[in-house]
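# Results of the structural survey
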Amino acid sequence: MHNKLIYLIVAVAAIAVGFLAAKTWRERTTPTAVVEAPYIAKAPVLTLPEFSLKNRAGELQSVHSWPGKSLVLNFWATWCAPCRREIPLLLDLQKQYAADGVQVVGIAVDFREDVLKYADTMHIDYPLLIGEQDGLEAVDAFGIEAVGFPYTVFTDAQGNIITTHIGELHKHQAELILATIKKVNSGELAVGAARTELAAALSNLKALVASDG
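Residues numbered from 1 in each chain as written. Predicted model: local features only at pLDDT ≥ 70, side-chain atom pairs only at ≥ 80, totals over all residues. Heavy atoms only, no water.

As summarised here, the arrangement of the seven strands in space is 2-1-5-4-3-6-7, forming an open sheet in which the pairing is mixed. Looking along the sheet, the strands with just one partner apiece sit at the ends: strand 2 (60–62) and strand 7 (161–166). Across the sheet, the mean angle separating the axes of adjacent strands is 30 degrees when strand polarity is ignored. Across five bridges, the pairing between strand 6 (residues 151–155) and strand 7 is antiparallel. Paired with Tyr-151 across the strands is Ile-166, a residue of strand 7. (Pairing = 2+ DSSP bridges. Helix = DSSP H or I, 4+ residues; strand = E, 2+ residues; numbered from the N terminus. Axes fitted to C-alpha atoms, helices over the stretch in contact; angles between N-to-C directions.)

This is the structure we're talking about:
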């Protein structure tokens, strides 16, 4: 009887520790307020950093697994409402711009089981990389000062980061960004000029949308 009581106490303690760990992790990853962030990170990383996360098959995969592609790296989580609203747009972007060498990659900072279930429900057909604390570390590698989801990074075909966006991405923004990146890839526009012009164009677009609303 004494042994059973000890076993019960240990089991309850283990459950409590697991619950607190999960709660702490969710508090760490859940934004506490809407983030109104600039399109270019305040401490920008200019080229795609190296990190690896597990893919849908459970194998570690590098973010550099798509050489020669212009990447749309979308950091998201299943509990993030704007992230969920973005997914149909990301699916459309992958279909529309695949011929231009664009590759959408979803980077889920969430519990693996939740991500896989939701991905199947939404029929996500672009690659997914999945992580929890290591997913947060991947976000940090881009030099942003605060975590806010969704967070999207756009690169050219050479791995240069052209712009980043925190918050829900909309079609008019994505089309402007990808049109600019196409000019960079063709040699029509230099990387530095593209960053500067795009930052101004996105700011003007945001102001125009706000005035219309």
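We are not done yet, so read on.
For helix 5 (residues 171–186), spanning 16 residues, the distance from its first C-alpha to its last is 22 Å, which sits close to the expected 22 Å at 1.5 Å a residue. Listing the buried residues of helix 5 in full gives Gln-173, Ala-174, Ile-177, Leu-178, Thr-180, Ile-181 and Val-184. For helix 5, the buried positions fall inside an angular range of 160 degrees around the axis, keeping them on one side. Looking at the residues trailing helix 5, positive phi occurs at Gly-187, about 85 degrees. (Expected span 1.5 Å × (residues − 1). Buried < 20%, exposed > 50% of the residue type's maximum accessible area, 1.4 Å probe, protein only. Arc of directions from axis to C-beta.)

It is worth spelling out the packing of aromatic side chains at this point. Inspection of every chain in the model, using the stated rule, returns six aromatic pairs. A centroid spacing of 5.7 Å and a plane angle of 35 degrees characterise the contact between Phe-75 and Tyr-151, whose relative ring orientation is tilted. Of the two residues, Phe-75 sits in strand 3 (residues 70–76) while Tyr-151 sits in strand 6, which places them 76 residues apart along the sequence. When its relative accessible area of 0% is taken as the criterion, Tyr-151 is described as buried. Seen in terms of ring centroids, Phe-142 and Tyr-151 are 6.2 Å apart; in terms of plane orientation they differ by 75 degrees. Their pairing is edge-to-face. A relative accessible area of 1% means that Phe-142 is categorised as buried. An aromatic cluster is defined as three or more aromatic residues linked by ring pairs; in this entry it consists of Phe-51, Phe-75, Phe-142 and Tyr-151. (Phe/Tyr/Trp six-rings, centres within 6.5 Å; stacked < 30°, edge-to-face > 60°.)

Moving on: the side chain of Gln-103. Note on placement: Gln-103 falls in strand 4 (residues 102–109). Take Gln-103: its relative accessible area is 13%, and that puts it in the buried class. Polar contacts involving the side chain of Gln-103 include one to the side chain of Gln-94, which spans 2.9 Å. Not counting residues within four places of it along the chain, the set of residues in contact with Gln-103 comprises Trp-66, Lys-69, Ser-70, Leu-71, Val-72, Gln-94, Tyr-126 and Pro-127. (Polar contact = N/O pair within 3.5 Å; in protein donor to acceptor, adjacent residues only side chain to side chain. Contact = heavy atoms within 4.5 Å.)

Let us now look at the pairing of strand 3. Of all seven residues in strand 3, seven are buried, a share of seventy percent or more. Going residue by residue along strand 3, you find Ser-70, Val-72, Asn-74 and Trp-76 tucked away on one face and Leu-71, Leu-73 and Phe-75 tucked away on the opposite face as well. Taken together, the seven bridges between strand 3 and strand 4 define a ladder with parallel strand orientation. Within strand 4, the residue paired with Val-72 across the bridge is Val-104. Where the polypeptide runs from strand 3 across helix 2 (residues 81–97) and back to strand 4, its parallel neighbour, the crossover connection is right-handed. (Right-handed = clockwise from strand over helix to strand, strands pointing away.)

It is at 11 Å that the axes of helix 2 and helix 5 come closest, and there the two elements cross at 30 degrees. Our classification of the angle between helix 2 and helix 5 gives roughly parallel. Our pair here, helix 2 against helix 5, has a crossing hand that is right-handed. Within the contact between the two elements, helix 2 uses Leu-89, Leu-93, Gln-96 and Tyr-97 and helix 5 uses Lys-171, Ala-174, Glu-175 and Leu-178. Each residue belonging to the contact of helix 2 with helix 5 can be placed in one class, and the counts come to five nonpolar, one polar and two charged. (Parallel < 35°, antiparallel > 145°, perpendicular 65-115°, else oblique. Left-handed = near helix turned anticlockwise from the far one by under 90°. Nonpolar A, V, L, I, M, F, W, Y, C, P; charged D, E, K, R; others polar.)

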